[in-house]
Structure formats: structure tokens, C-alpha cells
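Chain and residue survey
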Amino acid sequence: MRSKRLTTIALAALVGCASLTTMAAATPATAAAPAAPAAADFTGYQVVKLPNANVPNFQRRTVRCPSGKRAIGGGAEAQGNDAILVGSFPTDDGSGWIGLGRQNNYNDVGISVYVICANVS
């Protein structure tokens, strides 16, 4: 049994990505920062969790949003002695979140993954 537990958490948000392109094209003197969307701007807000499970080092774990919803953010957690979160990012199609990690001196690592979902407009 492992006596120590190191937890690494990474969160990322994908809110307002479209506004970043607009701001990059504007000059600082004329650019007005767009207001960040409020939680009320999203309908069907839901957090879906993939509970902790030991998987081989560097193996991806993926959690997906329910049908009709898209990922607007997410995160992952690596658990274990010397656990390191290697990646936490959205799926290519935007329907979920991926987490992966590794653990020094062990062949596996505990990984939990979370995705924040909202209705597609």
C-alpha cells in the first residue's frame, strides 16, 4: 500500500475562444475586451466525471458529454506517489475531455477526468 499521495490538478477553460481571434486582430488602443460569458449564458450546464482508476502510464482516459452537448472546459487529476499529470485537453471533436499521466517508479497511475458540458446552440 502506498503511504503517500501526491495529487496534481490541471484545469482548463475553453470559454470565449472565438473572441480571442477578434482581439488579436485589433490594436490595443481600439480594442475593447469582450465581457466573459456568465454561467447563465450556457444552458444545460453539466459536469461529467470519470472517477479515479489506475491505468498504465501515459494511457489516455476520456470522458464525453451527453449527446447534444459540447465541452466548454474540463480537467484531470493524477494520483499516486510521484504522480505527474502529463496532459489535460479537449477531444479533437469538442465532445469531451482527455487526461493522462505517469507515476515515477510504478507502471501505472491513478487518473480522474472531468468535463464541463453545455447545450449546443
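To keep things clear, this report deals only with the structure shown in the data block. Just so it is clear, the structure is predicted and the values come from calculations on it, not from any experiment. (Residues numbered from 1 in each chain as written. Predicted model: local features only at pLDDT ≥ 70, side-chain atom pairs only at ≥ 80, totals over all residues. Heavy atoms only, no water.)

Describing unusual backbone geometry
Positive phi, normally seen in glycine, also occurs at D82, with a value near 55 degrees. You can see D82 is positioned in the loop between β4 (69–80) and β5 (83–90). Its relative accessible area of 39% is what places D82 among the partly exposed residues. Although it is not a glycine, N105 adopts a positive phi angle of roughly 65 degrees. Looking at the secondary structure, you find N105 in the loop between β6 (96–103) and β7 (108–119). (Helix = DSSP H or I, 4+ residues; strand = E, 2+ residues; numbered from the N terminus. Buried < 20%, exposed > 50% of the residue type's maximum accessible area, 1.4 Å probe, protein only.)

Some words on the state of the cysteines
Applying the stated criterion across every chain, the model contains one disulfide. Between the sulfur atoms of C65 and its disulfide partner C117 the distance amounts to 2.1 Å. Taking the torsion about the S-S bond as the criterion, the C65 to C117 disulfide, at about -90 degrees, is left-handed. Taken as a pair, C65 in the loop between β3 (61–64) and β4 and C117 in strand β7 lie far apart in primary sequence, 52 residues in all. The same class applies to C65 and to C117, which are both buried. (Disulfide = S-S within 2.5 Å.)

Brief notes about the pattern of salt bridges
Under the definition given, this model contains one salt bridge. Across the salt bridge formed by D93 and R64, the nearest N and O atoms sit 3.5 Å from each other. Placement of the pair is D93 in the loop between β5 and β6 and R64 in strand β3, with a sequence separation of 29 residues. Classification of D93 as partly exposed rests on a relative accessible area of 44%. (Salt bridge = Lys/Arg side-chain N within 4 Å of Asp/Glu carboxyl O.)

As for the environment of Y106
The residue Y106 is located in the loop between β6 and β7 in this model. Judged by its relative accessible area of 31%, Y106 falls in the partly exposed class. Residues Y106 and A83, spaced 23 residues apart in sequence, show a C-alpha to C-alpha distance of 9.3 Å. One polar contact links Y106 to N81, side chain to side chain, over a distance of 3.1 Å. (Polar contact = N/O pair within 3.5 Å; in protein donor to acceptor, adjacent residues only side chain to side chain.)

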